[in-house]
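Residues per chain are reported as follows:
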Amino acid sequence: METVATGLNRPWSVAFLPDDKLLVSERPGRLRVVDVNGAISAPVTGLPDIKNGALGGLLDVVLDPGFAGNGLVYFSYLEPRGALSGVAVARGRLDWQGATPGLSDVITIFRAEPAMENEANLGSRLMFGRDGMLYVALGDRFARDQAQSLASHLGKIIRITPEGGVPPDNPFVGVKGALPEIYAIGMRNPEGLAMDAAGRLWEVENGPKGGDEVNPVRKGANYGWPVITYGRDYDDKPIGAGTAHAGMEQPVYYWDPSIAPSGAAVYDGALFPDWNGDLFVAALKGQHLSRLVIRGGKVLAEEEMLGELKARIRDVREGPDGALYVLTDEENGRIVKVTPSLLVSRMGQPVLK
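Our subject in this report is the structure included herewith.

Focus: the pattern of salt bridges
The tally for this structure, following the rule as stated, stands at 25 salt bridges. When the shortest N-O distance is used, the salt bridge between R159 and D169 registers 2.9 Å. Taken as a pair, R159 in strand β11 (residues 156-160) and D169 in the loop between β11 and β12 (182-185) lie far apart in primary sequence, 10 residues in all. Judged by relative accessible area, R159 falls into the buried class, the value being 6%. Its relative accessible area of 40% is what places D169 among the partly exposed residues. One salt bridge connects D321 with K337, and the closest N-O pair in it is separated by 3.2 Å.

Next comes the structure, spelled out in structure tokens:
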């Protein structure tokens, strides 16, 4: 493991710029450009008003698939709405090569409804699909009834165009009372989205007390929360109808006790050929990186890695160099680069479960 940079305040997400620089979001409401020598830029200018609290702030950041030509960056954040707040998605044009990086032409393209008072269970990961659409993972904001309601964005996977419009083939377009941006329902707090080589979208979410889940996202599918779950409430009482219900999807994998999963990535690089197709999940409470061996859409084994960091891991991404990059969730947060050199001698066999 090589520490690329330190001194980041609660880093939440990282994206890779074309010139070997990294674009990192800090939850208190700042974007930074980090170079390969660990130098951290001044905060990127031009961000909208962000509500910064114990859990909310600036969250995910992704580059437009055509970034090399258009310079567009997309980011999610907690937007103040009077006494309430809501997750919003904005985009802007990034100039990162000057002394002070900045965003211009910033517009908010999506606002999750309804707004809420609390800052919990925001979800908020972003992922561009092979179809060119932007997928947005949204938590239930501790309002469980919202996850099954088609009149709410909360507890859902949203699918929008890069401009924020509604794709006409979304599953609930034309359904009376349904918000047309909804793509899949029944999530609790999805903090991880990842795309595999076949174009399949994977979602990773926090359960309550136990029941963290991994799900392949299907158009129009219902993933059950809060009707079904493998977790229990914080007072140890059961939730909903149990672990199964007609018309609701089963997770392909779950954790009990919880590891508090966050960012996720499917590996597809050259440095670790044995890992191709495996899903990596950052664990906050678990303080490790989980490698899930996936074959044929099923999880065959799990390996826990990087426990020696002794830190909450917020995000994991595959870099353009094939290395894995992880972010530690600390006030003095780190970017850590993982390459094969130190792993070969210590890596054991994954644990079958």
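Moving on from the model shown.
Let's talk about the nonpolar core
Counting residues in hydrophobic clusters, the biggest one holds 23 residues, and the most contacted among them are Y74, F110, L134 and V136. Secondary structure elements with two or more residues in this core: β5 (58-63), β6 (72-81), β7 (84-95), β8 (102-111), β9 (123-128), β10 (134-138), β11 and β12. When near neighbours in sequence (up to four residues on either side) are disregarded, F110 contacts V87, A88, V89, L138, H153, I158, I160 and E181. Ranked by size, the runner-up nonpolar core spans 20 residues in total, among them A15, L17, I50 and F67.

Topic: the environment of T328
Tracing the chain through its elements places T328 in strand β22 (residues 324-328). A C-alpha to C-alpha distance of 8.6 Å links T328 and L309, two positions 19 residues apart in sequence. Those residues in contact with T328, other than ones at most four positions away along the chain, are P11, A311, R312, G333 and R334. A polar contact of 2.6 Å, which involves the side chain of T328, links it to the side chain of E330.

Some words on the packing of aromatic side chains
Given two aromatic rings, one states the distance between the centres and the angle between the planes to describe the pair. What the rule picks out here adds up to 12 aromatic pairs. Measuring from centroid to centroid gives 5.1 Å for Y74 and F128, while their planes differ by 80°, and the two rings are edge-to-face. In this pair, Y74 is assigned in strand β6 and F128 in strand β9, connecting sequence segments 54 residues apart. As far as the burial class goes, Y74 and F128 line up, both buried. Centre to centre, the rings of Y253 and W255 are 5.3 Å apart; their planes meet at 85°, and the pair counts as edge-to-face. One exposure class covers both Y253 and W255, and it is buried. An aromatic cluster is defined as three or more aromatic residues linked by ring pairs; in this entry it consists of Y267, F272, W275 and F280.

Considerations on unusual backbone geometry
The linkage connecting E113 with the following residue, P114, adopts the cis geometry, with an omega of 5°. Along the chain, P114 falls in the loop between β8 and β9. In this structure, P226 follows W225 across a cis peptide bond, with omega equal to 0°. As for its position among the elements, P226 is in the loop between β15 (212-216) and β16 (253-255). Its identity as a non-glycine residue notwithstanding, D105 has a phi of 55°, on the positive side. In this structure, D105 sits in strand β8. Even without a glycine there, the phi angle at D236 is positive, about 75°. Structurally, D236 can be placed in the loop between β15 and β16.

A look at the sheet that holds strand β13 (residues 189-195)
By definition, the strands of a sheet pair up through backbone hydrogen bonds, in either a parallel or an antiparallel sense. Read across the sheet, 4 strands follow the order β13-β14-β15-β16 without closing on themselves; strand pairing throughout is antiparallel. At either end of the open sheet lies a strand with only one pairing partner, and these are β13 and β16. Each neighbouring strand pair of the sheet contributes to a mean axis angle of 15°, computed without reference to strand direction. Alignment of β15 against β16, held across 3 bridges, turns out to be antiparallel. Directly across from E213, in β16, lies its bridge partner Y254.

Parameters and conventions
- Residues numbered from 1 in each chain as written.
- Predicted model: local features only at pLDDT ≥ 70, side-chain atom pairs only at ≥ 80, totals over all residues.
- Heavy atoms only, no water.
- Salt bridge = Lys/Arg side-chain N within 4 Å of Asp/Glu carboxyl O.
- Helix = DSSP H or I, 4+ residues; strand = E, 2+ residues; numbered from the N terminus.
- Buried < 20%, exposed > 50% of the residue type's maximum accessible area, 1.4 Å probe, protein only.
- Core = buried A, V, L, I, M, F, W, Y, C linked by side-chain atoms within 4.5 Å.
- Contact = heavy atoms within 4.5 Å.
- Polar contact = N/O pair within 3.5 Å; in protein donor to acceptor, adjacent residues only side chain to side chain.
- Phe/Tyr/Trp six-rings, centres within 6.5 Å; stacked < 30°, edge-to-face > 60°.
- Pairing = 2+ DSSP bridges.
- Axes fitted to C-alpha atoms, helices over the stretch in contact; angles between N-to-C directions.

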